[in-house]
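Remarks on the overall topology
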Amino acid sequence: MKKLVISTGAGMSAESGIATFRDSGGLWDKYPVMDVASADGFARNPALVHEFYNQRRRELVAAEPNAGHRAIVDLERLFNVYVITQNVDNLHERAGSGKVLHLHGELMKVRALDDESLVYTLPDALVGSPDPLATSVDTVIDGHKVRPHIVFFQEAVPNFEPATEIAAEADIFVVIGTSMNVYPAAALLRYVRPGVPVYYIDPNPATVPDYVTVIRAGASEGLARLAAILGADA
Ligand code: OAD
């Protein structure tokens, strides 16, 4: 089977009702990004950052995977599919995707402040507490204070290197729903081998090199079109 690598951003989950970051009305219009999503912001006001991610968790548990997430799962019948996502939601997993690598962390996880290898999944880790989806500066799990398992701005992206290895092995590479503003994620395209077909699904696409086939559409409609194109290529 050919290796189909799909790199997704916030637009992938837009049809599930989860706000993107940079579209008008997006999250970074409402919250100063460096207050709620940076290492400095967390050091300055950790309570605000906890509350920001608590809200995102409440939104996520009320949301469902959309037809686009499911279309990616369907492609597993024809291809060896790898999803590399900038999204911190778990909608690819809940749709049933088998291989998902998160570049920017995972909303439903927290980790120990004093040992980053200790990662805990909510709500299991907080069962019995008044709100098992909510953490605060006082939350203690297994004797450890915790922080969101999110890659903040100003922090390294530990999964970028494995992502580049996956991208370099792609036979077909697809980008969906990202403004390609955030590095190193936006640089993944550079690791795709020359000659490999590259598609980009986005209703308002960023500027991309000429060799990229742009499908100007939302994720679910764009994936339906892509599946028709790729069916012939499987
Ligand atoms: P952005 O909010 O920057 O971009 C969202 C993209 O989704 C835009 O290109 C939109 O045109 C597109 N879009 C909107 N609706 C869509 C739909 N229905 N179907 C497909 N695409 C649609 O989000 P990202 O590029 O993912 O990081 O942002 C990257 C990172 O910036 C995020 O992972 C987050 C943020 O700061 C962290 O918080 C670490």
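Scroll up for the structure.
With respect to the site of the ligand
Around the ligand lies a shell of 23 residues, among which Phe21, Arg22, Thr178, Ser179 and Asp202 are the nearest. Ala10 is positioned such that a nitrogen or oxygen atom in its backbone is 2.8 Å from an oxygen atom of the ligand. In this structure, an oxygen atom belonging to the ligand sits 2.6 Å away from a side-chain N or O atom of Thr178. Out of a free accessible area of 800 Å², the ligand has 93% covered by protein chains. Each residue belonging to the shell around the ligand can be placed in one class, and the counts come to nine nonpolar, ten polar and four charged.

A few points about the pattern of salt bridges
Going through the model one piece at a time under the given rule, you end up with ten salt bridges. Across the salt bridge formed by Lys3 and Glu169, the nearest N and O atoms sit 2.3 Å from each other. With a gap of 166 residues between them, Lys3 in strand 1 (residues 3–8) and Glu169 in the loop between helix 8 (160–168) and strand 8 (172–176) connect regions that are remote in the sequence. Note on Lys3: relative accessible area 12%, which makes it buried.

Digging into the sheet that holds strand 7 (residues 144–150)
Spatial strand order, 5-4-7-6: four strands in an open sheet with antiparallel pairing. Strands with a single pairing partner mark the edges of an open sheet, and in this sheet they are strand 5 (115–121) and strand 6 (140–141). The pairing of strand 6 with strand 7 spans two bridges and is classified as antiparallel. Across the sheet, Val140 pairs through a bridge with Lys145, a residue of strand 7. The sheet strands contacting helix 5 (residues 46–62) are strand 4 (105–112) and strand 7, and the helix crosses strand 4 at an angle near 135°.

Reading guide: rules and limits
- Residues numbered from 1 in each chain as written.
- Predicted model: local features only at pLDDT ≥ 70, side-chain atom pairs only at ≥ 80, totals over all residues.
- Heavy atoms only, no water.
- Near = heavy atom within 4 Å.
- Polar contact = N/O pair within 3.5 Å; in protein donor to acceptor, adjacent residues only side chain to side chain.
- Areas by Shrake-Rupley, 256 points an atom, 1.4 Å probe, with all protein chains shown as cover.
- Nonpolar A, V, L, I, M, F, W, Y, C, P; charged D, E, K, R; others polar.
- Salt bridge = Lys/Arg side-chain N within 4 Å of Asp/Glu carboxyl O.
- Helix = DSSP H or I, 4+ residues; strand = E, 2+ residues; numbered from the N terminus.
- Buried < 20%, exposed > 50% of the residue type's maximum accessible area, 1.4 Å probe, protein only.
- Pairing = 2+ DSSP bridges.
- Contact = heavy atoms within 4.5 Å.
- Axes fitted to C-alpha atoms, helices over the stretch in contact; angles between N-to-C directions.

As far as function goes, none of this settles anything; it's purely spatial.
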